[in-house]
Amino acid sequence: MNTTLLDQLISINSVYPNEKQHAEFLEEQLKKIGFTTRRQIVSQDRFNILAERGNKNSPDQKALCFFGHIDTVPPYGEWNTDPFKAHYQDGKIYGLGAVDMKGGVFAILEACRETDPQKYLKVIFCVDEENISAGAWKAVTDEEFFNDVKTLIAAETGNIHPYDPQEKWVHLGRRGRCTIDLEVLGLSAHGAFPEKGINAINDAATIINSLKTLPLSEHPIIGKSSLFANNITSTETSLSIPDYCKFEINRSLVPPETPESALKQVQEMVQKLQTDQHLKSQINISLQKRDTPFAPPYITDKENPTIQHILKIIGEETPKVSIDYGLSVADENVFANGAHLAVISVGPEGDNEHTANEWVNIDSLKRLVNYFKRFIEEV
Ligand SMILES: [Zn+2]
């Protein structure tokens, strides 16, 4: 397999929010292999690529849609090689985005290049996945693009599984997440007379200590949700009782939890503490403000006929197909929740994403191109 194209993708810096050059390059590649492309502007110099190819056999024919994200995280940690230059060693390609997810994007392009351009097919590449999924949230507003999509195939890795020629892991769901802001407003007083004030840090500590008593949901497939507090800040005071404390709760979500249900749970816990433990601070609780919504979790129905067909093909190519569910959130959550698509993640194998010396296994890329070609031709 010729992987020159992947070398090129790695050499283009696409650390969010600077995806423009990579997006233009991908657009050009799609055009070369027969796609009609459209730019969907997300913000200045940032756009998704929505592409389609081929013809419908009947007006109600639905398309498969491949998904990839255009951006990468910055190069974290101490790299042994240049993160923007593909480095080949021991059957692996090292580089920033090698597995997350330029390897997957490469496999999509290769599979499309080697299949019948008449087949009705869609591809979407989005910006900002590594940040707040601004690209995916924008994409799902385009009902026209998704109204004839039956299944979204994300060429993305989920939880890391080592490459095994005998086994292929796919992902059929992911946990969601949200961040809850808590602002604790007390009353300052001279430090020599603490009883005259309301200590916001003490009240915050009571709340943080009580978090471990929250009953977390457990889903039979995706497991238990989790939470932790962080980013605790207060105002600087000398000899005064602190009247302000702010912190965040980082919360992962499993079905049927939503960001709103997680918020309500904390609000009720705090209300109870205010009564039972006589917390006197005023406590403001809200979902953290950001430009896109927090994504709920999703689980794809394994019995969906297209998903069944995809799993069957993988099973014919590889002795064992194993199903997993991602522990962290990704653009797939947005497509599953925002566009109500059946989403399956079938990516390459590699490791060290979001840290130094990220790599992708070359055999796993070959295998991925094979699967994708069969999906395009047969599903
Ligand atoms: Zn990714």
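Residues numbered from 1 in each chain as written. Predicted model: local features only at pLDDT ≥ 70, side-chain atom pairs only at ≥ 80, totals over all residues. Heavy atoms only, no water.

**Student:** Could you clarify how one ought to interpret the packing of aromatic side chains in this entry?
**Tutor:** The description of two aromatic rings rests on the distance between their centres and on the angle between their planes. Using the criterion set out here, one finds six aromatic pairs in the structure. One aromatic cluster is present, built from ring pairs that chain together Phe66, Tyr371, Phe372 and Phe375. Its guanidinium or amino end placed over the ring of tryptophan 359, lysine 92 lies 4.2 Å from that ring's centre, counting from NZ or CZ. (Phe/Tyr/Trp six-rings, centres within 6.5 Å; stacked < 30°, edge-to-face > 60°. Lys NZ or Arg CZ within 6 Å of the ring centre and 35° of its normal.)

**Student:** Please explain the coordination of the zinc ion as it appears in this structure.
**Tutor:** Ideal coordination angles are 109.5 degrees for a metal with four donors arranged tetrahedrally and 90 or 180 degrees for a metal with six donors arranged octahedrally. Bound to the zinc ion on the protein side are His69 (NE2), Asp100 (OD), Glu156 (OE) and Glu156 (OE), at distances that span 1.8 to 2.7 Å. Taken in sequence order, the residues that donate to the zinc ion follow the motif H-x30-D-x55-E. Here aspartate 100, found in helix α3 (residues 98-113), pairs with glutamate 156, found in the loop between β7 (149-154) and β8 (167-174); they are 56 residues apart in sequence, far enough to count as distant. Comparing aspartate 100 with glutamate 156 shows no difference in burial state: the two are buried. (Donors = N, O, S within 2.8 Å, 3.2 Å for Na, K, Ca; no water. Helix = DSSP H or I, 4+ residues; strand = E, 2+ residues; numbered from the N terminus. Buried < 20%, exposed > 50% of the residue type's maximum accessible area, 1.4 Å probe, protein only.)

**Student:** I keep staring at the packing of helix α1 (residues 4-11) against α3 and nothing clicks. Help me out?
**Tutor:** Each pair of packed helices gets described by two things: the angle between the helix axes and the distance between those axes. Across the interface, α1 lies against α3 with an axial gap of 10 Å and an inter-helix angle of 140°. One finds that α1 runs oblique with respect to α3. By crossing handedness, the relation of α1 to α3 is classed as right-handed. On the side of α1, the interface is formed by Leu5, Leu6, Leu9 and Ile10, while α3 contributes Ala98, Lys102, Gly103, Val105, Phe106, Leu109, Glu110 and Arg113. Broken down by class, the residue content of the contact of α1 with α3 amounts to eight nonpolar, one polar and three charged. (Axes fitted to C-alpha atoms, helices over the stretch in contact; angles between N-to-C directions. Parallel < 35°, antiparallel > 145°, perpendicular 65-115°, else oblique. Left-handed = near helix turned anticlockwise from the far one by under 90°. Contact = heavy atoms within 4.5 Å. Nonpolar A, V, L, I, M, F, W, Y, C, P; charged D, E, K, R; others polar.)

**Student:** For this particular structure, what's the right way to read the sheet that holds strand β4 (residues 87-89)?
**Tutor:** Whenever strands of a sheet pair, they do so through backbone hydrogen bonds, lying parallel or antiparallel. The four strands lie next to each other as β4-β5-β19-β18, forming an open sheet whose pairing is antiparallel. Edge positions in the open sheet fall to β4 and β18 (350-351), since each of these has one partner strand only. Where β4 meets strand β5 (residues 92-94), three bridges bridge the pair, whose relative direction is antiparallel. Residue pairing in the sheet places tyrosine 88 in a bridge with isoleucine 93 of β5. Its contacts with the sheet place helix α10 (residues 362-378) against β4, β5 and β19 (359-361), and it is angled at close to 60° to β19. (Pairing = 2+ DSSP bridges.)

**Student:** Whenever I open this one, the nonpolar core confuses me. Can you help?
**Tutor:** Where a protein is soluble and globular, its nonpolar side chains tend to be buried together. Counting residues in each nonpolar core, the largest one holds 58 residues, and the members touching the most others are Phe125, Val346, Phe372 and Phe375. When residues no more than four places from it in sequence are discounted, the contact partners of phenylalanine 375 are Leu64, Phe66, Ile153, Ile310, Ile313, Ile314 and Val346. Among the nonpolar cores identified, the runner-up in size contains 23 residues, and Ile180, Ala204, Ile283 and Ile285 belong to it. (Core = buried A, V, L, I, M, F, W, Y, C linked by side-chain atoms within 4.5 Å.)

**Student:** In this structure, what is going on with the pattern of salt bridges? I would like to understand it.
**Tutor:** Two side chains carrying opposite charge are able to pair once their charged atoms lie near each other. Evaluation of the coordinates by the stated rule reveals 23 salt bridges. Residues glutamate 19 and arginine 46 are paired through a salt bridge, measuring 2.8 Å at the closest nitrogen-oxygen approach. Separated by 27 residues along the polypeptide, glutamate 19 in the loop between α1 and α2 (20-32) and arginine 46 in strand β2 (residues 46-53) bring together distant segments of the chain. Taken individually, glutamate 19 and arginine 46 each receive the classification buried, so the pair is uniform in this respect. One salt bridge in this structure joins glutamate 27 and arginine 39, with 2.8 Å as the shortest N-O distance. (Salt bridge = Lys/Arg side-chain N within 4 Å of Asp/Glu carboxyl O.)

**Student:** Explanation requested: the environment of isoleucine 307 in the structure shown.
**Tutor:** Among the secondary structure elements, isoleucine 307 is positioned in helix α8 (residues 305-317). With relative accessibility at 0%, the residue isoleucine 307 sits in the buried group. Through-space distance from the C-alpha of isoleucine 307 to that of lysine 150 is 9.8 Å; in sequence the pair is 157 residues apart. Aside from chain neighbours lying at most four places away, what touches isoleucine 307 is Thr151, Leu172, Thr300, Asp301, Lys302, Ala342 and Ile344.

**Student:** It is not clear to me how the sheet that holds strand β13 (residues 244-253) should be interpreted in this structure. Could you clarify?
**Tutor:** Here we have four strands laid out as an open sheet, ordered β12-β13-β9-β14, and antiparallel in their pairing. Each edge of the open sheet is held by one strand with a lone partner, namely β12 (227-234) and β14 (282-287). The sheet shows a mean angle of 20° between the axes of neighbouring strands, taken without regard to direction. Taken together, the six bridges between β12 and β13 define a ladder with antiparallel strand orientation. Within β13, the residue paired with asparagine 230 across the bridge is glutamate 248. Against the sheet, helix α6 (residues 200-210) touches β9 (176-185), β12, β13 and β14, its axis set at about 15° to β13. Each of β9, β13 and β14 touches helix α7 (residues 259-276); the most contacted strand, β14, lies at about 170° to it.

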